[in-house]
Amino acid sequence: MCCMETDMSSMTKTLDFERKLLNLSDTCCGLGNDLNIKSKYNIKTKYNIFTDITSFNPEAPLDRKTAAAYAHSFLLNAIGEEDEAAIDPAFKLADIYECKVCSMHIAQVYCKGIMEAKECKDNESRLYFDLAAYVDETEQDLIIRRMLDPHERVRHGDMRGPAGMEPNGREPNSYEHAGNGSRIVRHINISTLKNLDALFVDIRSRSEYELGTVYEGINIPMDELIRNPYCLPCDIEANVVVWSNDASRSEIVSKCLADAGYISVFILDELDATDSMKKY
Amino acid sequence: MNDIRFPGALRGREFSFDEFDNGKVLFNKKKNRLPAMGWNSWNAFGSGNTEELTKIMADRIVELGLDKLGYRYVVLDDGCYKPERENGMLANEPGKFPSGFRALADYIHGKGLKFGMYNDIGTNLCAGAAVGTFDHEKSDAREYLNWGVDFIKVDNCYYMWDNATFSDPENARFVYTPRIRAIYIRKKSADGEEKKLPVADDGYVSGEGVAITKTENDCFAENIGTFDGTNTGTTPVGIRSGELRFDVNVDEDDVYVVKVEYATGRQPAANKPGVGGWLQIAVNSEENGTAGSKLYFDEMLPETPSMDDFTISEPVEICLSKGKNTIRLMNHRRQENTLNSYAALLEGFNEADPDNDIVLSICEWGKTQPQNWGYKTGDSWRILNDITFWVGRDGNPGIGRWFDPGTPSITSQYNKAVVMYEFAGLDKGWNDPDMMVIGMNGITDVMCRTHMVMWCMMNSPLMLGLDLRRVQKDDWIYRIIANEDLIALDQDVLGIQARRIWTSIESDRPDKDYITNNDRVDILAKPLADGSAAVSFINISERRRDEGWEISVDDIPFESFKRGNKYQVTDLWTKDVTINENGRFRVESLDACDNLTIRIKAL
């Protein structure tokens, strides 16, 4: 959904990052002799620090999800830094559930400000972690600096929130936050809709729809949408435009979609539909 | 040696889609087991579980008396094997499990508990270790029985022939047919005229999901396969796959030759129509319908340069009978392959020990609609992706959530499982909405109470997922997980899952309508073996509601429910017992996410 191209030239092995961290624990900052861990297994140090992540392939190029796993494990087991209890900002990352065994690692390094999120190419208001992107030496060093020195970390207040910017730089006619980062933009017109990369949903009944509609899209009757707002054939990050010939119905459905977590819901104004309908 | 590149031929008709409804198990799978209860390591410790922690959990189960309440299985989830096999065999991760699994099994058995482990039908486990059971089913099954394993949870990551988690997305080619524009049919014996049947004129859709795509000068069918059930968007109820069909009338029984005009793709059905390369061709006769169907073709078609470059297939011989025949173009391999993989494991266990009593917990996350076939090989089947991805570790309880737009929340799991009652039962097995998140961070005690009620009303497996050192006898967590009256609902010998008899969202079929809008109140009813019924009023929404809800005994739709002039009503939380003389039960208000759950018995 938000893929970036990867620069293959900057790849380094996972093993190299692991070594870097282990060296750090031996030599740097006095951590080596003072590991703040319970010596549970009484075997080589690597298992004590990276006990949760033995299944990553050390020969594979280091990617962001693996770096997050190593960084998080090092924080916990070598430095002894507790996890963040509140990880709500991480719930907003579009790809946070792409690797379920990585989600917690990513959430922790992200919320601690050690690794940053990226903006989606096609939707600037969405953030994602970019799990599979490779981590070059410069980024590795930055991660390590931030792990060791909290002052180097990005404070979350400084990070871009997921909402606020209008698509295509347009001023909204009105919008609100539904309390979960979602917003409803009302009173858009057909020309705005044409400039919007959006799923158009006609929420009238099937029989009404069969007589014609006002824009190319799909028909899901209001009661069905209210029962199962996730039946839309798009991700919750997508722009969704709701239309019916009854503003109060559009309002109810938009609220329901925003509550369900759809990020950007637009209401197309009531139209004098008879002319437009012939088109589709 | 199985070919990893392609799934093999179906092992027999009994493994095929057309037999999913026949009610017959495979390889004498034992039935009549109640939902499993126990503790699983994943939510508590993720991949960081260890032998030491597991032993402590087993100790805690006994110390807390949870074993006496039915919590018997102690299950090691992912993260306990070496990353690779050793001489083809599974090996314990020596850092975390230094004494090996047999020793751990002995320890757990010594406590009077049962021992469970974890694997996967693909090449790798979800956390990455390359020790999946694919092509090792028999030797692994033998090994598990040697280790004393009583329960096996089997995942679906890195599956070879589906676009499962961590699998190649292009594996979609195995589970969808190509785009199909037309078929061509002629009698084999005579050099008779070939008849073209275009999709546009003669094709029709059976089941759900098939898209007939029309462009300015083209028309073809696509998205022919089985819905991916891993997400929260689609219902599990009803037919979950689609076929393209053509009806052909012939004068007499004869052999015909059919060709298909097609274009292949490798496109998963994620907001786009699924397009693949695998095609099945079957024929139903008018007389026998699907019961007498015959499969004539079941293979990967040669790839076309793109999804828009159509070509015509090699001829396939089919037999048509006098009268109307239905030619079915379909691909049920998503379900069939997965069933076959789980069946191979079951077969392995039975070969190793025909009397084995192992519980097989299918964990393919609802992807292939296991409610249709899971009963043939398993004791339960997960219905969605994980209930949480915020698993804990030693020292951090992890996070559970009440709501999430995707699958990781209590309500996402409940919303789906609650409409799946028809698939569950003693002669089938159980819908599995995943291990419980009670005791994790991120949810209140009220949410945990309702979570427990939901799972017990729905006959779900009750697998605790918390660090049991966080529970003390009679603390708030204990009072939830050790509520004997609720456990009695889950373990009731009638084995009938609750139905939703009413919901505050407009719905003609509250028992079967898939509802994901959480701003609502549900009322569930469940029949019990002693002729009583449990009724639960559940506020799904995260706000207090005071509309008042009422049902009467007439709303409880079970024949086994005994009616009377008076009812004894037990509140399963407060244990208050009252006598009801009018058969009407009313709740005035419910706090956010709260429930009121009663047992109603005629006097």
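Per chain, the residues get numbers from 1 upward, laid out in the order the sequence is written. Just so you know, chain letters begin at A and ligand numbers begin at 1, following the order they were written in. For a predicted model such as this one, the threshold for reporting local features is a pLDDT of at least 70, and the threshold for listing and counting side-chain atom pairs is 80 or more; totals across whole chains, interfaces and linings nevertheless cover every residue. Side-chain measures here rest on the full set of heavy atoms in the structure, leaving out hydrogens and waters.

Caption draft 1: Layout of the overall build of chain B. Numbering goes from the N terminus for both helices and strands, where a helix is a DSSP run of H or I of at least four residues and a strand is a run of E of at least two. For chain B, the helix and strand inventory stands at eleven helices and 28 strands. Residue burial is assigned from relative accessible area. The probe radius is 1.4 Å, only protein chains are included, and a residue is buried under 20% of its type maximum, exposed over 50%, and partly exposed in between. The buried share of chain B, reckoned over its 603 residues, is 63%. This count recognises Lys and Arg as positive and Asp and Glu as negative, with His and chain-terminal groups excluded. Lysine's charge is taken at NZ, arginine's at CZ, aspartate's at CG and glutamate's at CD. Across chain B, 70 positive and 95 negative side-chain charges occur, with their mean positions spaced 2 Å apart.

Caption draft 2: Expanded view of the pattern of salt bridges. Residue and element names in this part refer to chain B. Think of a salt bridge as a Lys or Arg side-chain nitrogen and an Asp or Glu carboxyl oxygen that are within 4 Å of each other. Under the definition given, this model contains 72 salt bridges over all chains. Arg-500 is the partner of Asp-522 in a salt bridge, and the nearest nitrogen-oxygen pair spans 3.1 Å. Of the two residues, Asp-522 sits in strand E22 (residues 521–527) while Arg-500 sits in strand E21 (residues 499–503), which places them 22 residues apart along the sequence. Arg-500 matches Asp-522 in its accessibility class, with the two residues each being buried.

Caption draft 3: Structural context of the nonpolar core. The definition of a nonpolar core used throughout is a set of buried Ala, Val, Leu, Ile, Met, Phe, Trp, Tyr and Cys residues joined through side-chain atoms within 4.5 Å. Among the nonpolar cores identified, the biggest contains 139 residues, and A:Leu232, A:Tyr262, B:Leu66, B:Tyr71, B:Tyr81, B:Met117 and B:Met452 are the most heavily contacted of them. No other element matches the nine residues that helix H9 (residues 445–457) of chain B contributes to this core. When checking whether two residues touch, look at their non-hydrogen atoms; a contact exists if any pair is within 4.5 Å. Apart from the residues lying within four places of it in its own chain, the contact partners of A:Tyr262 are A:Ser182, A:Pro229, A:Tyr230, A:Leu232, A:Cys234, A:Asp235, A:Ile236, A:Val240 and A:Leu257.

Caption draft 4: Spotlight on the interface of chain B and chain A. Across the contact, 42 residues belong to chain B and 39 residues belong to chain A. Note: buried area is the sum, over both parts, of the accessible area (probe 1.4 Å) each one loses when the two are combined. Note on chain B versus chain A: buried area summed over both sides is about 3300 Å², and carbon and sulfur give 57% of it. It is B:Phe389, B:Trp390 and B:Arg393 in chain B that bury the most area against chain A; as a group they hold 20% of the surface buried on that side. Remark: the boundary between chain B and chain A carries two salt bridges.

Caption draft 5: Focus on empty space enclosed by the protein. All names here are of chain B. Grid points spaced at 1 Å and placed over the protein atoms alone form the basis of the search, with a cavity being a set where a 1.4 Å probe fits but cannot get out and a pocket an open set showing protein on both sides within 12 Å along at least five of seven lines. Lining residues have an atom within 4 Å of a point. Grid points are joined across faces, edges and corners, and a volume is the space filled by probe spheres set on the points. Within this structure, the stated rule accounts for eight cavities of 30 Å³ or more. Here the second largest cavity is characterised by a volume of approximately 120 Å³. In this structure, the second largest cavity is lined by 18 residues; those nearest its centre are Phe-151, Ser-361, Ser-380, Asp-432 and Pro-461. Put simply, the parts of the chain that give the lining of the second largest cavity at least two residues each are strand E4 (151–155), strand E17 (359–362), strand E18 (380–382) and strand E19 (430–432). All residues other than Ala, Val, Leu, Ile, Met, Phe, Trp, Tyr, Cys, Pro, Asp, Glu, Lys and Arg, Gly among them, are scored as polar; the first ten of these are nonpolar and the last four charged. By residue class, the composition of the lining of the second largest cavity is nine nonpolar, three polar and six charged.

Caption draft 6: Structural view of the pairing of strand E1 (residues 37–40) of chain B. All names here are of chain B. Burial of E1 is two-sided: the residues Met-37 and Trp-39 facing one way and the residues Gly-38 and Asn-40 facing the other way are all buried. The pairing criterion for strands is at least two bridges between them, as found by DSSP. Two elements, E1 and strand E20 (residues 462–464), share three bridges in a ladder whose sense is parallel. The residue of E20 that forms the bridge with Met-37 is Leu-462. Bridge count for E1 against strand E2 (residues 73–75) is three bridges, and the pairing is parallel. Directly across from Trp-39, in E2, lies its bridge partner Val-74.

Caption draft 7: Broad picture of unusual backbone geometry. Residues and elements named next belong to chain B. Although it is not a glycine, Asn-28 adopts a positive phi angle of roughly 55°. With respect to the element layout, Asn-28 can be found in the segment before E1. Taking relative accessible area as the criterion, Asn-28 reaches 71% and is therefore assigned exposed. Of note in the backbone geometry, Asn-271 takes a positive phi value of approximately 60° without being a glycine. Checked against the element boundaries, Asn-271 lands in the loop between strand E11 (254–263) and strand E12 (278–285). Exposure remark for Asn-271: the relative accessible area of 42% places this residue in the partly exposed category.

Caption draft 8: Focus on the pairing of strand E27 (residues 584–587) of chain B. All names here are of chain B. Alternating positions in E27 separate cleanly, Phe-585 and Val-587 being buried on one face and Arg-584 and Arg-586 remaining unburied on the opposite face. One ladder, built from four bridges, connects strand E24 (residues 549–552) with E27; its direction is antiparallel. In the sheet register, Glu-550 faces E27, and the bridge partner there is Arg-586.

Caption draft 9: The arrangement of the packing of aromatic side chains in detail. All names here are of chain B. Whether two aromatic rings pair depends on their centres lying within 6.5 Å, for rings of Phe, Tyr and Trp, where Trp uses its six-membered ring; planes under 30 degrees apart make the pair stacked, over 60 edge-to-face, and the rest tilted. Within this structure, the stated rule accounts for 21 aromatic pairs over all chains. For the ring pair Phe-6 and Phe-174, a centre distance of 6.2 Å and an interplane angle of 80° mean the geometry is edge-to-face. One end of the pair, Phe-6, is in the segment before E1; the other, Phe-174, is in helix H5 (residues 172–175), with 168 residues separating them in the sequence. In this structure Phe-174 comes out as buried when scored by relative accessible area, which is 1%. Centre to centre, the rings of Phe-561 and Tyr-567 are 6.2 Å apart; their planes meet at 15°, and the pair counts as stacked. For the residue pair Phe-561 and Tyr-567, the accessibility class agrees, reading buried in each case. A network of ring pairs unites the aromatic residues Tyr-81, Phe-97, Phe-101, Tyr-144 and Trp-147 as a single cluster. Ring-over charges, as used throughout, are those where CZ of Arg or NZ of Lys falls within 6 Å of the ring centre and within 35 degrees of the ring normal. Positioned above the aromatic ring of Phe-227 is the side chain of Arg-240, whose terminal nitrogen or guanidinium carbon lies 4.6 Å from the ring centre. In this arrangement the basic side chain of Arg-449 is found over the ring face of Trp-573, its NZ or CZ atom lying 5.8 Å from the centre.

That's the geometry; what it means functionally is another story.
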